[in-house]
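Residue-level listing of the chains:
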Amino acid sequence: MAGSDITPEILQTIAILEALETLIDNAPSSKVEAILQEAWIKVSETFPDDFKEATREDAGAEGLRRYIRVKAFFENPTENPVSPEDLEAYYRNREPVDEDSAEFFFPE
């Protein structure tokens, strides 16, 4: 695991986000889903800036956990190996969106 900046509070907050994601997926109505999404956003805003920046395109619990694994890898690669899939997903989500390509998927 990464250095001292990965606190138990951060790990607990990721677990809370994951629980909210499950609740959102199972919300009985769009009103309840909207309330849960608002809670998810507020909770995710409590993360340190490096987390928010590194996971802005993949801000779910899975993306946050991936960031912790990759961060630990860069701090000490021999002690904290990471899968090629995690590295690829981490870098893919850090790349800026190509606006021209995005128009293909989201025509006006």
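Residues numbered from 1 in each chain as written. Predicted model: local features only at pLDDT ≥ 70, side-chain atom pairs only at ≥ 80, totals over all residues. Heavy atoms only, no water.

The subject of this paragraph is the nonpolar core. Core analysis: the biggest nonpolar cluster contains 19 residues, and I14, F47, F51 and L64 have the highest contact counts within it. Elements with a minimum of two residues in this core: helix 1 (8-25), helix 2 (30-44), helix 3 (49-54) and helix 4 (61-75). Considering each element in turn, this core owes the most residues, 6 residues, to helix 4. Residue contacts for F51: discarding those within four places in its chain leaves I6, I10, L64, Y67 and I68. (Core = buried A, V, L, I, M, F, W, Y, C linked by side-chain atoms within 4.5 Å. Buried < 20%, exposed > 50% of the residue type's maximum accessible area, 1.4 Å probe, protein only. Helix = DSSP H or I, 4+ residues; strand = E, 2+ residues; numbered from the N terminus. Contact = heavy atoms within 4.5 Å.)

A few words on the packing of aromatic side chains. Any two aromatic rings considered together are summarised by their centre-to-centre distance and by the angle between their planes. Inspection of every chain in the model, using the stated rule, returns 5 aromatic pairs. Ring centres 4.9 Å apart and planes at 80° place the aromatic pair F51 and Y67 in the edge-to-face group. Here F51 is found in helix 3, whereas its partner Y67 is found in helix 4, with 16 residues between them in sequence. Under the relative-accessibility criterion, F51 is labelled buried at 1%. By relative accessible area, Y67 is classed as buried at 9%. Between Y90 and Y91, the aromatic rings sit 5.1 Å apart at their centres with planes inclined by 75°, giving edge-to-face as the arrangement. (Phe/Tyr/Trp six-rings, centres within 6.5 Å; stacked < 30°, edge-to-face > 60°.)

The subject of this paragraph is the pattern of salt bridges. In total, this model carries 10 salt bridges according to the counting rule given. The partner of K42 in a salt bridge is E38, and the shortest N-O contact between them spans 4.0 Å. Placement of both K42 and E38 in helix 2 is noted, with a separation of 4 residues, approximately one turn of the helix. The salt bridge partner of E88 is R92, with a shortest N-O separation of 2.5 Å. (Salt bridge = Lys/Arg side-chain N within 4 Å of Asp/Glu carboxyl O.)

Between its first and last C-alpha atoms helix 4 spans 21 Å; for 15 residues at 1.5 Å apiece the expected length is 21 Å, and the two agree. Those residues of helix 4 that sit buried are A61, G63, L64, R66, Y67, I68, V70, K71, A72 and F73. (Expected span 1.5 Å × (residues − 1).)

This next bit is on the side chain of N80. When you line up the elements, N80 lands in the loop between helix 4 and helix 5 (84-94). Engagement of the side chain of N80 in a polar contact is seen with the backbone oxygen of A72, the distance being 3.2 Å. (Polar contact = N/O pair within 3.5 Å; in protein donor to acceptor, adjacent residues only side chain to side chain.)

As a further point, take the confidence of the model for the protein. With 83% of its residues at a pLDDT of at least 70, the protein reaches an overall mean of 85. This model gives residues 101-107 a pLDDT under 50, and the stretch forms 1 contact once residues within four places in sequence are excluded. (pLDDT = per-residue confidence, 0-100.)

Our next topic: the side chain of D86. Among the structural elements, D86 can be located in helix 5. In this view, D86 contacts R66, R69 and V70; residues no more than four positions away in its chain are not counted.

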